[in-house]
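Listed below are the residues making up each chain.
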Amino acid sequence: MFSGIRDVDWASMSHAYGSAKEVPALLEALRSPDAEERGAALRDFYGKVHHQGDVYPSTTASLPFLLELAGDPATPDRDRIVALLVSIGEEAVGRCEVDYVDADYVDYAGAAAFLRAHAEAFVDLAGDATCRVRQAAIPSLGLFLDDASRAFDLLQDRAAMEFCLLERLLVTQTAVTLARRLPVTMPAAEAWLAGLAADPAGEPEFRLAALIHRAGCAPDAISDDLVPAVVGLLREIADAAPPEQPWPEPPPVAPPAPNVPPFVAAAFEDLDRVNRRYAVTTELLRTLHTLLDARVRQRTDLLVEQLASPDPGVRLDAIRMADDLVGAWRGDHSALIRLVAAQLGASNLEVAAEAATLLEKDCAIAESARETMAALLTDHGPDGWTSPRRHVRRLHQKTGMALARLGDVRALPSLLTALDSDVDAWLAVQVAGALPQAADQLVPRLRDRLSRADLSAQWPSNAGGILSALAKLGDPSALPTITETLAAAAERQNWDVVKAALTALRAFGPAAAPALAAIRSLVAVDDTWTRSEAVGTLWAVGGDRDEVLPLALALLDTFALREAAEVLGQIGSPAATALPRLRELLTDRYEWNRVYAAAAIWDIAGELEAPVVLNTLLQAWQRNPATGNRVAACLKRMGSAAAPALPHIRAEFARAERGGRFGSAANDQEMLRHLAEVLPRADAELTQRDP
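Residues numbered from 1 in each chain as written. Predicted model: local features only at pLDDT ≥ 70, side-chain atom pairs only at ≥ 80, totals over all residues. Heavy atoms only, no water.

Participant: What am I meant to see in the overall build of the protein chain here?
Facilitator: Along the backbone of the protein chain there are 36 helices and 2 strands. Taken over the C-alpha trace, the protein chain has a radius of gyration of 29 Å; the compact-globule value for 691 residues is 26 Å, and the two agree within 12%. With respect to the principal axes defined by its C-alpha atoms, the protein chain has extents near 80 × 65 × 60 Å. Here the protein chain holds 691 residues, and the buried ones make up 52% of them. Sequence-distant contacts in the protein chain: of pairs separated by 6 or more residues, those separated by 24 or more amount to 66%. Only carbon and sulfur atoms are counted for the fraction: they give 53% of the accessible area of the protein chain, which is about 30,900 Å². The averaged location of the 94 negative side-chain charges in the protein chain is 3 Å from the averaged location of its 67 positive side-chain charges. (Helix = DSSP H or I, 4+ residues; strand = E, 2+ residues; numbered from the N terminus. Rg over C-alpha atoms; globule rule 2.2 N^0.38 Å. Buried < 20%, exposed > 50% of the residue type's maximum accessible area, 1.4 Å probe, protein only. Contact = heavy atoms within 4.5 Å. Areas by Shrake-Rupley, 256 points an atom, 1.4 Å probe, with all protein chains shown as cover. Lys, Arg positive; Asp, Glu negative; His and termini not counted. Charge placed at Lys NZ, Arg CZ, Asp CG, Glu CD.)

See the structure below:
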């Protein structure tokens, strides 16, 4: 096996992290008798040679050897090798027609050509005696065969009842892949899927797959009848489901691993949860929600049905899909959120914890669940935060964090338990700043944690998070500890903590004047971002424009030019000397730079610059909707001078899709609040001009 593998010049090729000379060892490890070694090799191959879907020349060079492994019945985990080949093929076929600037770095065309040339090998794999190998190979029938008629015949053969349900569900999906790649098969695929969906002899799950994938053949022609038909099939599936059985209790929460930051461990746990599939309908319903896209009412109707399912896996999937909906689309989601909140009391604790996770993530729309969350914390008691039961702990912590983000002091006992016990205190720190009414209890605990942080460590005990919380709480008693932390971090050149401390001092404004000497000591450091933060903080705390103006002007010619522009705008008209450079930045190729420059020009020069400022802001906003929050804040400051922007503002309010920074619900709502304040003043200005 692997004849010729040493003849390949692997050292001349690369992967995501450097030289590809290790690829032969990875390939050989994929057939190791040791399961752990095989698993590590497969993870390395995905992470390096097929990194985030990329296909390099070294990936293409690996294909003959991967195909040899897949075709050998003695290969362990053969289905995983086939799945890897299909994953490479999906990316290669989907992107092989695109011209890439760095053609030597990627090789989608080469990989696609190889896999199409060896399509017959995948036909054999799709008919393999092993079910998992067949399942892994079926998508290849829609990707690699160029004979459309033969590929479609093979898929129809694989839809026969003697094959397992999961395999036949894949067949319906692959029919759509084939029809999109080779449109000559589209009419036959649509008719076939429609027939399968209407066949009463088929299982409801199979009919559901056919119905959804038929809609995928013509997503622009989806009718209002689709969701009711899907709901009917979901009810058939639910009626045939066995009574709900308790899921196995996961092992108790283990102590954090040494030298692993808790947020890193939590990120891997989250990734593991997201990648799990809890119901046979998971991918089907995700596909349907994607197809429905902006049809918010229909998607909501579908989610209401999903959340009513007796299958906890279906409900858990529904919560995640609800998260996708409310995070991407505007509207009154309160009824849907109340249904999600009702899952906090689910007997299946993983479902309950997933509901709490959504509410904490999307706290901007969690108001309608406030009382339900408060009742849960009361039932648990504050010790629920430290429960050794994994799902109970996540349920309690996420609920407490969501309630705290709403500014509800009923979350305080749980946060205090976290800070006093040091159990997942880093999570409590994230939301402590939202409870300024409890500053007298939170600030001493946070100051103590900050004073004990090891600032020489790579991850200094969440010092940045603590500093942010203290800034939001706004209690002046924290200023000495913040200043001491600033000095200690600067001595160690821990610039991340230095910047966090400067940001915290900036929030206190002139009240932080005792820290001015420490702040001034940082305005000339080599680290540009620290220097920028120090200049901004010096202005907020000291307010001496003669001192700050030359420092901010110097930063206009660095990567921190946006931060410099913001400070210059805050200085106002005395910063007029910056106008020539700021006007130059209005033609910068990066829209964020243009937006910051335009806002600073308005704050410095005012009405005389209104036309050019508006033109710059609106063009950047149209090009990059993520700038919406910054643009809206400037339009708000412009007041009646923003009247020419009214058509753009009204168009934004008419949009159903969320906008603003990251397209998140919170940023979208903030942007709309700013724009709402512009409307009456701008309307009044237009009325005066044209009575």
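Participant: Explain the packing of helix H20 (residues 390–405) against helix H22 (residues 425–432) here, please?
Facilitator: Pairs of packed helices are described in terms of their axes, by the angle between the two and the distance that separates them. Look at H20 against H22: their axes get within 9 Å of each other, and the N-to-C directions meet at 15°. By the criterion of interaxial angle, the relationship of H20 to H22 is roughly parallel. Considering how the two elements wind past one another, H20 and H22 form a crossing that is right-handed. Of the residues in H22, those touching H20 at Gln397, Met401, Ala404 and Arg405 are Leu427, Gln430 and Val431. Classifying every residue of the contact of H20 with H22 gives 4 nonpolar, 2 polar and 1 charged. (Axes fitted to C-alpha atoms, helices over the stretch in contact; angles between N-to-C directions. Parallel < 35°, antiparallel > 145°, perpendicular 65-115°, else oblique. Left-handed = near helix turned anticlockwise from the far one by under 90°. Nonpolar A, V, L, I, M, F, W, Y, C, P; charged D, E, K, R; others polar.)

Participant: Could you clarify how one ought to interpret the environment of Cys217 in this entry?
Facilitator: As for its position among the elements, Cys217 is in helix H11 (residues 204–217). In this structure the C-alpha to C-alpha distance between Cys217 and Leu182, which are 35 residues apart in sequence, comes to 12 Å. The residues touching Cys217, leaving out its near neighbours within four places in the chain, are Val176, Met186, Glu190 and Leu193.

Participant: I would appreciate a short explanation of the packing of aromatic side chains in the present structure.
Facilitator: Any two aromatic rings considered together are summarised by their centre-to-centre distance and by the angle between their planes. Scanning the model with the defined rule gives 7 aromatic pairs in all. Seen in terms of ring centroids, Trp592 and Tyr596 are 6.5 Å apart; in terms of plane orientation they differ by 45°. Their pairing is tilted. Of this pair, Trp592 and Tyr596 both sit in helix H32 (residues 591–605), separated by 4 residues, roughly a single helical turn. An aromatic cluster is built from Phe2, Trp10 and Phe65, whose rings are joined through pairwise contacts. Directly above the ring of Phe206 sits Arg168, whose terminal nitrogen or CZ lies 5.0 Å from the centroid. (Phe/Tyr/Trp six-rings, centres within 6.5 Å; stacked < 30°, edge-to-face > 60°. Lys NZ or Arg CZ within 6 Å of the ring centre and 35° of its normal.)

Participant: Where do I start with helix H4 (residues 78–95) in this structure?
Facilitator: Given 3.6 residues to a turn, an α-helix orients residues that are three or four positions apart in the same direction. The end-to-end C-alpha separation of H4 is 26 Å, in line with the 26 Å expected for 18 residues at 1.5 Å each. Among all positions of H4, only Arg78, Ile81, Val82, Leu84, Leu85, Val86, Ser87, Ile88, Gly89, Ala92 and Val93 are buried. In this structure, the buried residues of H4 make contact with helix H2 (35–49), helix H3 (57–71), helix H5 (108–117), helix H6 (119–126), helix H7 (131–143) and helix H9 (165–181). (Expected span 1.5 Å × (residues − 1).)

Participant: I'm lost on unusual backbone geometry in this one. Help?
Facilitator: Only a minority of non-glycine residues have a phi that is not negative, and only a minority of peptide bonds are not trans. For Asp293, which is not glycine, the phi dihedral falls at a positive 50°. With respect to the secondary-structure elements, Asp293 resides in the loop between helix H14 (282–292) and helix H15 (296–307). The partly exposed category is assigned to Asp293, whose relative accessible area is 40%. A positive phi is found at Asp424, a non-glycine position, where the angle reads about 50°. By secondary structure assignment, the location of Asp424 is in the loop between helix H21 (412–421) and H22.

Participant: Got a minute to help me understand the nonpolar core in this structure?
Facilitator: Nonpolar side chains tend toward joint burial in soluble globular proteins. Leu635 and Met638 are the most contacted members of the largest nonpolar core, which has 236 residues in total. Among residues more than four places away in sequence, those in contact with Leu635 are Leu614, Leu617, Trp621, Ala642, Ala645, Ile649, Leu675 and Val678. (Core = buried A, V, L, I, M, F, W, Y, C linked by side-chain atoms within 4.5 Å.)

Participant: Help me understand helix H28 (residues 528–542) in this model?
Facilitator: If you check H28, its first and last C-alpha atoms are 20 Å apart, about what 15 residues at 1.5 Å a residue would give, namely 21 Å. Of all 15 residues in H28, 11 are buried, a share of seventy percent or more. Turning to H28, its buried residues are Thr530, Arg531, Ser532, Glu533, Ala534, Val535, Gly536, Thr537, Leu538, Trp539 and Val541. Looking one or two residues beyond H28, the residue adopting positive phi is Gly543, at roughly 70°.

Participant: Quick question: what am I supposed to make of the pattern of salt bridges here?
Facilitator: In this structure the tally under the stated criterion is 45 salt bridges. As a salt-bridge pair, Glu584 and Arg581 come within 3.1 Å of each other at their nearest N and O atoms. One end of the pair, Glu584, and the other, Arg581, are both in helix H31 (residues 579–585), 3 residues apart, so they sit about a helical turn from each other. Through salt bridges that share partners, Arg330, Glu652, Arg655, Arg658 and Asp668 make up one connected network. (Salt bridge = Lys/Arg side-chain N within 4 Å of Asp/Glu carboxyl O.)

Participant: Please explain the side chain of Arg449 as it appears in this structure.
Facilitator: Along the chain, Arg449 falls in helix H23 (residues 439–451). Apart from the residues lying within four places of it in its own chain, the contact partners of Arg449 are Leu419, Asp422, Ala425 and Ile466.

Participant: Help me understand the side chain of Thr530 in this model?
Facilitator: In this fold, Thr530 is placed in helix H28. On the basis of relative accessibility, which here comes to 0%, the residue Thr530 falls in the buried class. Polar side-chain contacts of Thr530 include one of 2.7 Å to the side chain of Asp527. Not counting residues within four places of it along the chain, the set of residues in contact with Thr530 comprises Trp495, Val498, Lys499, Leu502, Leu522 and Val525. (Polar contact = N/O pair within 3.5 Å; in protein donor to acceptor, adjacent residues only side chain to side chain.)

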